[in-house]
Amino acid sequence: MAHQLAFEQCNFGMKGAPLFRWPGGKRALLKHLLPLINKNFKRYYEPFFGGGALFFAIQPKNAILSDTNSDLINCYTQVRDRPDEVIAYLGKLRNTEQDYYKIRDKVPADNAAKAARLIYLAA
């Protein structure tokens, strides 16, 4: 089942790389894909969001982003809606081998903490 995240009338005001390097990502293909995209679309649909390289490269105002990984969609939702809380949770995570395994084995209940955990584990 695909999980979705909608962006409507967004103005990110930023250009940059996705949060993650994602297996099967389109980052390396951007130079080939971008010239093929018609810029006169009303809504961007991304069925395999992953790291979102194409989405972040074109910065659409209206988008429906989908992926089968619910943790990934939650992460982007939390970064969009609760960035300060995600940053606060990230600040509490220690970068040691022992802590890595503890964090990997425990799934927090709070969605912002889950997002921080995914960012930590993917880094």
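What you see is a predicted model; the values in this text were computed from it and never measured.

(A) Focus on the packing of helix 3 (residues 70-81) against helix 6 (residues 111-122). At a minimum axis separation of 8 Å, helix 3 and helix 6 run at an interaxial angle of 110 degrees. With respect to helix 6, the axis of helix 3 lies roughly perpendicular. Note that helix 3 runs across helix 6; the crossing there is left-handed. Where helix 3 approaches helix 6, its residues Asp-71, Leu-72, Asn-74, Cys-75, Gln-78 and Val-79 are matched on the opposing element by Asn-111, Ala-112, Lys-114, Ala-115, Leu-118 and Ile-119. Its residues assigned to classes, the contact of helix 3 with helix 6 shows seven nonpolar, three polar and two charged.

(B) Broad picture of the pattern of salt bridges. Within the structure shown, the criterion is met by six salt bridges. Notably, a salt bridge pairs Glu-85 with Arg-82, separated by 2.5 Å at the nearest N-O pair. Its relative accessible area of 37% is what places Glu-85 among the partly exposed residues. The partner of Arg-94 in a salt bridge is Asp-99, and the shortest N-O contact between them spans 3.5 Å. A relative accessible area of 15% places Asp-99 in the buried class. Connected via shared salt-bridge partners are Arg-82, Glu-85 and Asp-110.

Conventions adopted
Residues numbered from 1 in each chain as written. Predicted model: local features only at pLDDT ≥ 70, side-chain atom pairs only at ≥ 80, totals over all residues. Heavy atoms only, no water. Axes fitted to C-alpha atoms, helices over the stretch in contact; angles between N-to-C directions. Helix = DSSP H or I, 4+ residues; strand = E, 2+ residues; numbered from the N terminus. Parallel < 35°, antiparallel > 145°, perpendicular 65-115°, else oblique. Left-handed = near helix turned anticlockwise from the far one by under 90°. Contact = heavy atoms within 4.5 Å. Nonpolar A, V, L, I, M, F, W, Y, C, P; charged D, E, K, R; others polar. Salt bridge = Lys/Arg side-chain N within 4 Å of Asp/Glu carboxyl O. Buried < 20%, exposed > 50% of the residue type's maximum accessible area, 1.4 Å probe, protein only.

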